[in-house]
Amino acid sequence: MGRLDGVHVVPLQDVDPIELPGGSWSRVILTGGRVGSTSALGFSSFAAHTATAMLAHETEELAYVLSGQGELRLEDGVVPYTADSAIYIPAGVWHAVANTGDEPVTMVFTFPHPDYPPTDRRAGDDA
């Protein structure tokens, strides 16, 4: 980790992955504990034809899709996304991230919280 006058550089490989189903993973790279921020920034890779558990964060989530395609599965339908799309998920909205394509989906995400925010998961979901 590099640092000068409060500026931090954190290489992706310096942060342990959070393992997700089907070989997918996520890393919360910048956090209050790691760099003193009031927001969190992360990076995820979702393997082809996988989906996360249904969950709802206490805070809003912003994401940018770098590659791949899929859909957000909501309680009342689905919202498709593709590479070069930005995603806004309001606080408290139940959602699952699904990769519907044959290539990995990669995305950068952020929360207005110093770490991964408090999150509810649906009973019976594995992630």
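Preceding this section is the structure that the text describes.
Let us look at the structure shown here. Here, residues in each chain are numbered from 1, in the same order as that chain's written sequence. Local features in this predicted model are restricted to residues whose pLDDT is 70 or higher, and side-chain atom pairs enter the listing and the counts only when it is 80 or higher, whereas totals over whole chains, interfaces and linings include all residues. Hydrogen atoms and water are omitted, and side-chain values are computed over all heavy atoms in the structure.

Looking at the overall build of the chain
Under the scheme used here, helices are H or I runs from DSSP no shorter than 4 residues and strands are E runs no shorter than 2 residues, and both carry numbers assigned from the N terminus. Looking only at helices and strands, one finds 1 helix and 13 strands in the chain. Judged by the C-alpha coordinates and their principal axes, the chain covers about 45 × 30 × 25 Å. The buried share among the 127 residues of the chain stands at 39%. A fraction of 63% describes how many contacts in the chain between residues 6 or more apart in sequence connect residues 24 or more apart. Burial classes follow relative accessibility: with a 1.4 Å probe on protein chains only, a residue under 20% of its type's maximum area counts as buried, one over 50% as exposed, and anything between as partly exposed. In what follows, residue pairs with any heavy atoms lying within 4.5 Å of each other are defined as contacts.

Comments concerning the nonpolar core
Counting 15 residues, the largest nonpolar core has Tyr81, Ile87 and Met107 as the members making the most contacts within it. Mapped onto this core, the elements with two or more residues apiece are strand E5 (40-46), strand E7 (61-67), strand E10 (85-89) and strand E12 (105-111). The biggest single contributor to this core is E12, with 4 residues. For Tyr81, the residues in contact, after removing those within four places along its chain, are Val65, Gln69, Gly70, Glu71, Leu72, Ile87, Val97, Ala98, Asn99, Val105 and Met107. Within this scheme, the nonpolar core is defined by two criteria: the residues are buried Ala, Val, Leu, Ile, Met, Phe, Trp, Tyr or Cys, and they are joined through side-chain atoms within 4.5 Å.

Examining the packing of aromatic side chains
A pair of aromatic rings is counted whenever rings of Phe, Tyr or Trp (Trp by its six-membered ring) have centres within 6.5 Å, and the orientation is called stacked for planes under 30 degrees apart, edge-to-face for over 60 and tilted otherwise. Scanning the entire structure with this criterion turns up 3 aromatic pairs. On the numbers, 5.7 Å between centres and 65 degrees between planes, the contact of Phe109 with Phe111 is edge-to-face. Take Phe109: its relative accessible area is 4%, and that puts it in the buried class. Overall, the relative accessible area of 1% leaves Phe111 in the buried class. Ring centres of Phe111 and Tyr116 lie 5.3 Å apart, and the angle between their planes is 75 degrees; on these two criteria the pair is classed as edge-to-face. Clustering of aromatic rings is evident, with ring pairs tying together Phe109, Phe111 and Tyr116. Sitting over the face of the ring of Trp25, Arg27 holds its NZ or CZ atom 4.6 Å from the ring centroid. Whether a charge lies above a ring is judged from NZ of Lys or CZ of Arg, which has to be within 6 Å of the ring centre and within 35 degrees of the ring normal.

Concerning the side chain of Thr106
Positionally, Thr106 belongs in strand E12. In the analysis that follows, any N or O atom pair within 3.5 Å is treated as a polar contact, provided that within protein one partner can donate a hydrogen and the other can accept it, and provided that, for residues neighboring in sequence, both atoms belong to side chains. A polar side-chain atom of Thr106 sits 2.6 Å from a polar atom in the side chain of Ser67. When neighbours within four sequence positions are excluded, Thr106 is seen to be in contact with Phe43, Ser44, Ser45, Tyr64, Val65, Leu66 and Ser67.

Considerations on unusual backbone geometry
The backbone of His49 shows a phi angle near 60 degrees, a positive value even though the residue is not glycine. Following the sequence through the fold, His49 ends up in the loop between E5 and strand E6 (55-57). At Asp84, a position not held by glycine, the phi torsion is positive, near 65 degrees. With relative accessibility at 59%, the residue Asp84 sits in the exposed group.

Just geometry here; none of it tells us what the structure is for.
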